[in-house]
Amino acid sequence: MVARTIPVQPFDLVVFGATGDLARRKLLPGLYHRLQAGQMPEDARIFGAARSELDDEGYRAMAREALESFVTKDDRTPELVETFLNMLHYVAVDASSDEGWSTLAERLGPADDGRVRAFYLSVAPRFFGAIADRLAGSGVITPDSRIVVEKPLGRDQESAHALNERLSTHFTEAQIYRIDHYLGKETVQNLMAIRFANALFEPLWNARHIDHVQITVAESIGVEGRGSYYDQSGAMRDMVQNHMMQLLCLTAMEPPAHFDPDAVRDEKLKVIRALSPMSPTDVARKTVRGQYRAGTGGASYLEDAEDADSATESYVALRAEIANWRWSGTPFYLRTGKRLRTRMSEIAVFFKDPPHSIFTDQVSSLHGNALIIRLQPDEGITLRMTIKDPGPGGMRLTEVPLDMTFADAMGAKNGTKVRMPDAYERLIMDVIRGNQTLFMRGDEVEAAWAWTDPIIAAWGASGEKPQPYDSGSSGPEDALMLLHRDGRRWREIAS
Ligand code: NAP
């Protein structure tokens, strides 16, 4: 099976924050890979923009280093690297002053109907509004321009609303691309394909047949190096409100009538709005916060955050309930944390046991069917089935995983590894193509904050501190209890 590549139309992409970590680690390598795949037209122009005083050559030298660090040697051919570097240009601009904006306008030149113009804001969110204003002031926004913004999109509903309002003074909703790179992952899109392109699962995809769902995003690293920044947000704002909420929506949403951006996003929004709000009592019973202790070669969260009194969580687990016909009675357990046993993200859908077992002496040790959608480390899908243990030993049952790793399915042969396109590659090309399906709409973001804000407020009002947990463990004890109380168990955090 070979991936088909559909070339995009000619474009000018201006990357604000072009000298930063995201641009060097993800955006430039991603664009290079799209050129390699034949998806990027050779007359595309990429403008780096940041305050650093660089010229085109200086920026190309920086980009060359980025490719050397973040693109494998096998994927780098000298001619292609040169072709890519020649597409790069640089303009020094300051988001907080008039510096450089007229040069940017000059270098972009007059709007050309045949070219897409996109502005990617890979800068701190406090600059989003100012950059949008200055783009408008310098006259470079065309009716067909797009603006791409990175998380965090606000820190609560009010600030997210203010950001949406500010962006909407210069861009229509159809021009605003709010990136959640989880939505660009192959598996996440495959979740939609599995649900809506197969007749097999959809009849079972409801509270009658699904016992519960577990969504896990586990990281093995801590917040070292950016502890004081992270301490202003915490796991709820950093992971749950955006990435995990999106995963929950795609798992739980009704089939959209069409696979088009607004049909998909309407259905996701309905899920968020159907989440049962949590009162302070619910928050105490259905959520758990944690902070990692020192260990596995690293300092404690409190040391990393440089605040011995910090009440910010590096771990959160919670039980979410969706109050609608499809899901009433099926809990969605979410957990995410730093410095856990391993890096691993998955959605695990646990089906109910058969209504009656004819293998009465066997069932106790067996679990029911489960569909595991793995996002990392290796994207893939596993269906856990119960079968007869092969051999003449009588009717003994055993569990087997039906496993599909996408890299294998995409054509890896004889042990060679096929490179899976990074989420950013797909998403940037979607911006150029004008396809918003995998981007969040403003009302979705605000609705997600509306659900998480009262939880964060209840934690603050309680005066309680997050529970410490060992680095390299699977999280705080209370998180285990959250499921034990319901007669369930978390899946192991393992790669
Ligand atoms: P970063 O490494 O700190 O880079 C910030 C960039 O902004 C630099 O290029 C900096 O260049 C530029 N900049 C700073 N002040 C500026 C100003 N006044 N005018 C114009 N440019 C200015 O940050 P990052 O990690 O790349 O993150 C960028 C954005 O992506 C943030 O919103 C972050 O939350 C989000 N994000 C990042 C990641 C990631 O993996 N890094 C993942 C998800 C989301 P100069 O100093 O030369 O101006």
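Residues numbered from 1 in each chain as written. Predicted model: local features only at pLDDT ≥ 70, side-chain atom pairs only at ≥ 80, totals over all residues. Heavy atoms only, no water.

Going by the annotation in an unreviewed UniProt entry, the name recorded for the chain is Glucose-6-phosphate 1-dehydrogenase, with Paroceanicella profunda given as the source organism. Under the UniProt heading Catalytic activity (unreviewed entry), the entry covering the chain gives this text: "D-glucose 6-phosphate + NADP(+) = 6-phospho-D-glucono-1,5-lactone + NADPH + H(+)". Its UniProt record, at the heading Function (unreviewed entry), says of the chain: "Catalyzes the oxidation of glucose 6-phosphate to 6-phosphogluconolactone." (UniProt positions renumbered as here; feature names shortened; annotations may be inferred.)

*Asks:* Whenever I open this one, the packing of helix 1 (residues 21-36) against helix 2 (residues 56-70) confuses me. Can you help?
*Replies:* Describing two packed helices takes the angle between their axes plus the distance from one axis to the other. For the pair helix 1 and helix 2, the least separation of the axes is 9 Å and the interaxial angle reads 90°. Comparing their axes, helix 2 and helix 1 come out roughly perpendicular. Taken together, the residues of helix 2 that come into contact with helix 1 (itself represented by R24, R25, L28, P29 and Y32) are Y59, M62, A63, A66, L67 and F70. Here the contact of helix 1 with helix 2 is composed, by residue class, of 9 nonpolar, no polar and 2 charged. (Axes fitted to C-alpha atoms, helices over the stretch in contact; angles between N-to-C directions. Helix = DSSP H or I, 4+ residues; strand = E, 2+ residues; numbered from the N terminus. Parallel < 35°, antiparallel > 145°, perpendicular 65-115°, else oblique. Contact = heavy atoms within 4.5 Å. Nonpolar A, V, L, I, M, F, W, Y, C, P; charged D, E, K, R; others polar.)

*Asks:* Please clarify how the side chain of D75 should be interpreted in this entry.
*Replies:* In this structure, D75 sits in the loop between helix 2 and helix 3 (78-86). For D75, a relative accessible area of 17% corresponds to the buried category. Those residues within four positions of D75 in sequence are excluded, and the remaining contacts are Y32, H33, Q36 and R419. (Buried < 20%, exposed > 50% of the residue type's maximum accessible area, 1.4 Å probe, protein only.)

*Asks:* Teacher, can you tell me more about the UniProt feature "binding site: substrate" (unreviewed entry) in the chain here?
*Replies:* Per the UniProt entry, the sites bearing "binding site: substrate" (unreviewed entry) are H181, K185, E219, D238 and K338 in this numbering. Here H181 shows up in the loop between strand 6 (176-178) and helix 7 (186-196). Among residues more than four places away in sequence, those in contact with H181 are H243, A423, Y424 and L427. Ignoring any residue separated from it by four or fewer positions in sequence, one finds K338 in contact with E219, I221, G222, V223, R226, Y230, D238, Y292, S314 and Y469. Here the side chain of K338 touches E219 through a polar contact of 2.8 Å, side chain to side chain. (Polar contact = N/O pair within 3.5 Å; in protein donor to acceptor, adjacent residues only side chain to side chain.)

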